[in-house]
Amino acid sequence: MFSAMLTITAMIYSGLPNPSWTVDRAREKQLLAAIEALEPRPGPCPDSGGLGYSGIQVSRKAGDGEKQRWLFHGGFVAADGKCYLDPERRIEKWLVETGKAHLSKDEFEEMH
């Protein structure tokens, strides 16, 4: 049986490849549970900005080809045209921590 693959990408650069990594199944379950618990926000999410760090993108591709994508930035989570609140950036910070081994010191500090 094919399981879903969760890829996390730090949206830092324009013109250069952004650092990406995957997480193990236990962390994937933690993340999906945290996303399910988010409060919806009326209207669209604010724009994540211009140059520099513009958030953490999480992509999930299941065996049936279905794709899910979330963008975490500045206390907001954009998914499927909807916006959710993460006012303490709790999930975003947790995602950054999962990538510590894949990020340079400067990249890691910029996202914290």
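Enquirer: Can you tell me about the nonpolar core, naming the residues and giving the values?
Expert: Leu-31, Ile-56, Val-58, Trp-70, Phe-72, Leu-95 and Met-111 are the most contacted members of the largest nonpolar core, which totals 23 residues. When contributions to this core are tallied by element, the ones reaching two or more residues are β1 (5-10), α1 (25-36), β4 (56-61), β5 (67-73), β6 (76-79), α2 (90-98) and α3 (105-111). Not counting residues up to four positions away in its chain, the partners in contact with Leu-95 are Ile-8, Trp-21, Leu-31, Ile-56, Val-58 and Phe-72.

Enquirer: How would you summarise the state of the cysteines if you had to cite specific residues and measurements?
Expert: Enumeration according to the criterion identifies one disulfide in this entry. Paired by a disulfide, Cys-45 and Cys-83 hold their sulfur atoms 2.1 Å apart. A torsion of 105 degrees about the S-S bond marks the disulfide between Cys-45 and Cys-83 as right-handed. Of this pair, Cys-45 sits in the loop between β3 (39-41) and β4 while Cys-83 is found in strand β7 (residues 82-85), placing the two residues 38 residues apart along the sequence. Relative accessible area serves as the criterion here: at 22%, Cys-45 is assigned to the partly exposed category. On the basis of relative accessible area, Cys-83 is assigned to the buried category, the value being 1%.

Enquirer: Which residues make up the sheet that holds β3, and what values go with them?
Expert: The pairing of strands in a sheet comes from backbone hydrogen bonds and takes either a parallel or an antiparallel form. Taken in spatial order, the seven strands line up as β2-β1-β4-β5-β6-β7-β3 in an open sheet, and their pairing is antiparallel. Taken across any chain shown, the strands that pair with only one partner, and hence form the sheet edges, are β2 (20-22) and β3. With direction set aside, neighbouring strand axes in the sheet form an average angle of 25 degrees. The sheet contact formed by β1 and β4 spans six bridges and is antiparallel.

About the criteria used
Residues numbered from 1 in each chain as written. Predicted model: local features only at pLDDT ≥ 70, side-chain atom pairs only at ≥ 80, totals over all residues. Heavy atoms only, no water. Core = buried A, V, L, I, M, F, W, Y, C linked by side-chain atoms within 4.5 Å. Buried < 20%, exposed > 50% of the residue type's maximum accessible area, 1.4 Å probe, protein only. Helix = DSSP H or I, 4+ residues; strand = E, 2+ residues; numbered from the N terminus. Contact = heavy atoms within 4.5 Å. Disulfide = S-S within 2.5 Å. Pairing = 2+ DSSP bridges. Axes fitted to C-alpha atoms, helices over the stretch in contact; angles between N-to-C directions.

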